[in-house]
Amino acid sequence: MSFKCGILSLIILLSISVSGALGETLRVTCSPQTLCALRESTVTLECSHSNTTIRPQHSFWFSPKQQAKWRNEEDPEDLALDSDYAGRVRYKNNRYRYSSISTLTISELRERDSGEYHLMIVTETGQKYSSSTAVTLTVSDLQMKITSETEKQKVLTCSTSCSLTSKPSYYYWFRNGQHEHTTNEPQKVLRLHSSDGPGSYSCSASSHPEIRSNTVCNNDENCWSVTYSDRRVCALEGSSVDFPCTYSYPRHKTVTKTFWYKVRLIDLSVNEQFAGRVEFLGDKEGNCTLRMNNLTKSDSGVYYFRFITDTERGSFSGKPGVNLSVTDLQVKVSPTTPSEGQTVTQTCISTCTLPNNPTYIWYKNGQPVTNKPTRYNKLYLESASTEDVPQYSCAIGGPEASAVLMLVTVGVALFLVLLLIVGWMWIRKRNSSPGKGLRSTEESGKCDSAPVYSNLSDLAMTADPKQTEGSDNQDGVHYSSIQFKRSYTQKQAPPPSSTLPLYFIEDEDVHYAAVNFSRDSTAPQPLDADADEDPSRTYGQIQKHKSSTKAA
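My aim in this report is to walk through the structure given alongside it, one point at a time.

About the thresholds
Residues numbered from 1 in each chain as written. Predicted model: local features only at pLDDT ≥ 70, side-chain atom pairs only at ≥ 80, totals over all residues. Heavy atoms only, no water. Core = buried A, V, L, I, M, F, W, Y, C linked by side-chain atoms within 4.5 Å. Buried < 20%, exposed > 50% of the residue type's maximum accessible area, 1.4 Å probe, protein only. Helix = DSSP H or I, 4+ residues; strand = E, 2+ residues; numbered from the N terminus. Contact = heavy atoms within 4.5 Å. Disulfide = S-S within 2.5 Å. Pairing = 2+ DSSP bridges. Phe/Tyr/Trp six-rings, centres within 6.5 Å; stacked < 30°, edge-to-face > 60°. Polar contact = N/O pair within 3.5 Å; in protein donor to acceptor, adjacent residues only side chain to side chain. Axes fitted to C-alpha atoms, helices over the stretch in contact; angles between N-to-C directions. Salt bridge = Lys/Arg side-chain N within 4 Å of Asp/Glu carboxyl O.

**Focus: the nonpolar core**
Item 1. Within the largest apolar cluster, 29 residues are counted, with the highest numbers of intra-cluster contacts made by F243, W260, M292, F305, F307 and L324.
Item 2. Put simply, the parts of the chain that give this core at least two residues each are β20 (225-228), β21 (232-236), β22 (241-243), β23 (245-248), β24 (255-261), β26 (290-292), β27 (301-309) and β29 (322-327).
Item 3. With residues near it in sequence (within four places) discarded, F243 still touches V233, W260, C288, T289, L290, M292, Y303, V322 and L324.
Item 4. If you look at the next biggest cluster of nonpolar residues, it comprises 20 residues, including C30, L35, A37 and L137.

Below is the structure:
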C-alpha cells in the first residue's frame, strides 16, 4: 500500500560515510516518515537504501520500544520474531542495480503498535547497519462523539486522534446497525433532529468500511447496541476462549432469545460442529459473553451475537462481530541452516498474536531447560551443534502453571531437607540402640509402602495419565508435536503425556512446538520489480551496528 499520493513529505538529504572496514557509504530513504492508521487496519512502511559498494544479504525491521525484550539492549532483534507481532508482520524486498526497497507491513493494528520503526541491513560479510532514520507510526481508534446538543438538534462527529495518512473519501453512518447516511471526507459530522427518534449510531471510513466506531444513543439511554471487548481474538488449538460482550436495547422491550452464530443464523449450541463445546455465560439483561472449549483450527472465523425481543422486527445482530484465529506453536531457527559452533536463536511463535503476555517454557528432549539463556519467546544457543538444535521444543504456560512449578520446586526442596533430617535422626538413634533401630526400620517398611523418589523425573514417570488429559482451561501449559523437516531427523520422540513433570496442572492441555528447518534463508527474498527509483525520498544516516558482526 502506498501513501505517497497527496502527501507532502519533508525531504532531508544526508550522505554520511560509515566508518566500516571497507569505508562504505550508505544512504537510506523513508517516505513518508510519519503515518497515522486505524486500529485493526493494515499499514505499510517503506525505506530504500543504496547498495553501490555494499551488497546487502538481507534486512529486517525493529522497534526501539521493544528493547526490553532483546537479549542485549544494543543488539536489535527481528520484529517478525517478536511475540507481540506474531502473525502480523510481513517483509518485502525489491532489489535494483543500485538500490533496494524494503517494506514492512503490519496487519491487525492495535494502539500499542504506535512508535518508531527502523530498518536493519545485514551484509554478505555479516556486518549489521541500522538506520538512524525512523518511521513514526500512530495507531488511532475511530471515535463517535456528540459534539453539540440542543433541544432540536444533536451533532455527531466521527474522528481520530491523528490525521489518517490514507484519507477516506467518505464516512458511512449506521443507525441500529444498518447503513443510513454517507458524507464526504470534509463533513465528518452527522446532524440529528428531534424528529429522528431513538436509535444507536456508529460510523466507519470508506478506506476501511469494516472497521466501525463505538456506538452512541439518540433520545434513549438504552438503544440497540452490541459491544465486544475484543474484536480480534487469538487462542491456542485445544484451549478455551471467552468472548466478553455486552448489549443494550430499548427499555420498553423484553428479550426472549439470545444466541451466537457463525455465517448463518444458526445457534452455535445446536450446530453440530460446536455442540457440547460452547457455553453462553450471559443473560437476558445485558451480558452476552460466550465461552468456546476445545478449540480446533476449523473454529477460526467471525462470530456474531444476536438477540430477539418480544416485539415485531425487534431483533438485533452485533456486527462486525468477533474474529477468532486458532493457532498452534512452532519453533523457528535463525540462521535456518546453522553451522557448527554458531550462535543459534530459537523462537517460539504462533500464527497470530496471543494475548496477556504468555509465559514461554523451553524443553530439551522433554526436560525443562534451565541452563540456557532465554528471553520472552526466544532461546539462545551458543556454539550449538547441528545435532543439538532439533532437540528443543517450547510450550506456553499460564500463571497457574508457573505457580505450580514454584510450589513443586519448593516442595521437593523441603522434602529433601526433611529426608536428610529424618535420616540423620534415624542413624543417630540406630547408633545409640541398634536393636530398636532394626525393628523401627522393619515396622516402617510395613506401615509406609509409598515409594521414595530421588528426583522429580522419577516422580513424573509414575504420574497418572489422567492428570494430563485436556481440559477447558486456556491458561494451562500448551505444546504441539515436534516435527523435523529436510536436513534434520528426529533422534528422540517426545515423552508420552504420562511422563510429563508434575508441575503441569491436572487436566491441562499440552501442545509441543514444531521445529521447522528449511534450506531457504529466513531473509525476505526479493521480488521482481520494474518500478523506477523515486528520487524524492527522505535521506538519513545508516550506522554500522557495533554489537554484532554475524548475520541474524
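**What about the state of the cysteines?**
Item 1. Tallying each qualifying case throughout the model produces 7 disulfides.
Item 2. There is a disulfide in this structure between C158 and C203, and the S-S distance comes to 2.0 Å. What sets the handedness of the C158 and C203 disulfide is the S-S torsion sign, and at about 80 degrees it is right-handed. Here C158 is found in strand β13 (residues 153-159), whereas its partner C203 is found in strand β17 (residues 199-205), with 45 residues between them in sequence.
Item 3. A relative accessible area of 0% means that C203 is categorised as buried.

**A word on the sheet that holds strand β36 (residues 392-397)**
Item 1. Spatial strand order, β33-β32-β36: 3 strands in an open sheet with antiparallel pairing. Lying at the two open borders of the sheet, with one neighbouring strand each, are β33 (367-368) and β36.
Item 2. When strand β32 (residues 359-364) meets β33, the two strands line up antiparallel, connected through 2 bridges. Within β33, the residue paired with K364 across the bridge is Q367.

**Observations concerning the packing of aromatic side chains**
Item 1. On inspection of all chains with the given rule, the structure shows 18 aromatic pairs.
Item 2. Centroid distance F243 to Y303: 5.8 Å. Interplanar angle 45 degrees. Geometry classified as tilted. You can see F243 sitting in strand β22 and its partner Y303 sitting in strand β27, a full 60 residues away along the chain. Y303 shares its class with F243; the two are buried.
Item 3. With a centroid separation of 5.0 Å and an interplanar angle of 50 degrees, the aromatic rings of Y247 and F305 are classed as tilted. Placement of the pair is Y247 in strand β23 and F305 in strand β27, with a sequence separation of 58 residues.

**Considerations on the side chain of T309**
Item 1. Along the chain, T309 falls in strand β27.
Item 2. Here G314 takes part through its backbone oxygen, which lies 2.6 Å from a polar atom of the side chain of T309.
Item 3. Once residues lying within four places of it in the same chain are set aside, the contact partners of T309 are W224, K253, T254, V255, T256 and G314.

**Some words on the sheet that holds β22**
Pairing between the strands of a sheet comes from backbone hydrogen bonds, and it takes one of two forms, parallel or antiparallel.
Item 1. Strand order across the open sheet formed by 3 strands is β22-β26-β25, with antiparallel pairing between neighbours. Each having just a single partner strand, β22 and β25 (278-280) make up the two edges of the open sheet. Direction aside, neighbouring strands of the sheet carry axes that sit 20 degrees apart on average.
Item 2. Relative to β26, β25 runs antiparallel, the two being bridged by 3 bridges.

**Side note on the pattern of salt bridges**
Item 1. The final tally for this structure, using the stated rule, is 14 salt bridges.
Item 2. Ionic pairing is found between E40 and R39, a salt bridge with its closest N-O pair at 3.3 Å.
Item 3. Between D242 and R291 there is a salt bridge, and its shortest N-O distance comes to 2.8 Å. Here R291 lies in strand β26 and D242 lies in strand β22, a separation of 49 residues in the sequence.
Item 4. Taken together, the salt bridges that share partners define one network made up of R39, E40, D141 and R231.

**Observations regarding the pairing of strand β7 (residues 89-95)**
Item 1. One ladder, built from 7 bridges, connects β7 with strand β8 (residues 99-106); its direction is antiparallel. Each residue of the ladder has a partner; that of R90, found in β8, is T105.
Item 2. Here β7 hands over to β8 after 3 residues, the two strands then running antiparallel side by side.

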